[in-house]
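These are the residues of each chain, in order.
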Amino acid sequence: MATALRQNANRVVQFGKHPASPEDRTDDNPWPEFPMTFKLDYGYKEGLEALGEDPRKYEILTQKFEQNDDGQVTALHTLNVEKVYEDGKLVTKEIPGTEQVWEADLVLIAIGFLGPEQEVLEHFGLKTDERGRIWTVDGMNDYRTSEEGIYAAGDARRGQSLVVWAIREGREVAEQVDQFLSKKESKQVV
Ligand SMILES: Cc1cc2nc3c(=O)[nH]c(=O)nc-3n(C[C@H](O)[C@H](O)[C@H](O)COP(=O)(O)OP(=O)(O)OC[C@H]3O[C@@H](n4cnc5c(N)ncnc54)[C@H](O)[C@@H]3O)c2cc1C
């Protein structure tokens, strides 16, 4: 967001369907848990200073996009939502009459890790698990996939994770591939 403003975007708005975090810890978020409280990180602070308002808009749901004849996005249609308890469950409810139209030249959707793109996996006939990740032999202890000679590592296998895991897995999978290829080579020599 701050990068877009530094690159001369006229306006940047960030939508989220959740309410803003409270200023103080709630009873169900005691110390030493990570505090789920309102934060103004440097990017948002920069946005606030440049735009005169917090770029984050809470409890907003995008319903549809508008496009021009060239297929480029031109606007978003949103509706305000609220969290309410229904039959003891916390649900997100739309608030009728709160429709808004926001003009936009660029929309970036950042709604979480949904797993690796399935097209390539389908092409190679790779098995996936219930979360759409590449299935490997023996869970997280092996890098062999369901197809001989195809290995998987990193987020595509582990799911949304950390760089340290990606580095470690990159090294380990390289070793496993090396063993596989060395065996194949020695068989060919014999
Ligand atoms: C917004 C965000 C913030 C993060 N912050 C942190 C953090 O602060 N600290 C931390 O430790 N981790 C962080 N992570 C997680 C970290 O980035 C990942 O865990 C890590 O990058 C995974 O490495 P990877 O090599 O498995 O996958 P990736 O880094 O995703 O690499 C996969 C590569 O494969 C390429 N690719 C995909 N499909 C194809 C194809 N068909 N053909 C050829 N290439 C293809 C992609 O372009 C990409 O370059 C963050 C992730 C995100 C999204």
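Residues numbered from 1 in each chain as written. Predicted model: local features only at pLDDT ≥ 70, side-chain atom pairs only at ≥ 80, totals over all residues. Heavy atoms only, no water.

Proximity of charged atoms lets side chains of opposite charge pair with each other. In the structure shown here, the tally under the stated rule is ten salt bridges. Its salt-bridge partner being Glu169, residue Arg157 comes within 3.0 Å of it at the nearest N-O pair. In this pair, Arg157 is assigned in helix 4 (residues 155-158) and Glu169 in helix 5 (residues 163-189), connecting sequence segments twelve residues apart. Judged by relative accessible area, Arg157 falls into the buried class, the value being 0%. Salt bridges here are not isolated pairs; linked through shared partners, they connect Arg11, Glu53 and Lys57. (Salt bridge = Lys/Arg side-chain N within 4 Å of Asp/Glu carboxyl O. Helix = DSSP H or I, 4+ residues; strand = E, 2+ residues; numbered from the N terminus. Buried < 20%, exposed > 50% of the residue type's maximum accessible area, 1.4 Å probe, protein only.)

Below, the discussion takes up the domain arrangement of the protein. Looking at the assigned domains, one finds that the protein contains domain 1 (2-103) and domain 2 (118-189). The centre of domain 1, based on its C-alpha atoms, is set 37 Å off from the matching centre of domain 2. (Domains from an automatic or database assignment.)

Our focus in this paragraph is the packing of aromatic side chains. The final tally for this structure, using the stated rule, is two aromatic pairs. Taking 4.9 Å as the distance between ring centres and 65 degrees as the angle between the ring planes, the aromatic pair formed by Phe15 and Trp102 counts as edge-to-face. Taken together, the positions of Phe15 in strand 1 (residues 14-15) and Trp102 in strand 6 (residues 100-103) put the pair 87 residues apart, joining distant regions of the chain. Judged by relative accessible area, Phe15 falls into the partly exposed class, the value being 25%. Sitting over the ring of Trp135, Lys127 keeps its end group 4.0 Å from the ring centre. (Phe/Tyr/Trp six-rings, centres within 6.5 Å; stacked < 30°, edge-to-face > 60°. Lys NZ or Arg CZ within 6 Å of the ring centre and 35° of its normal.)

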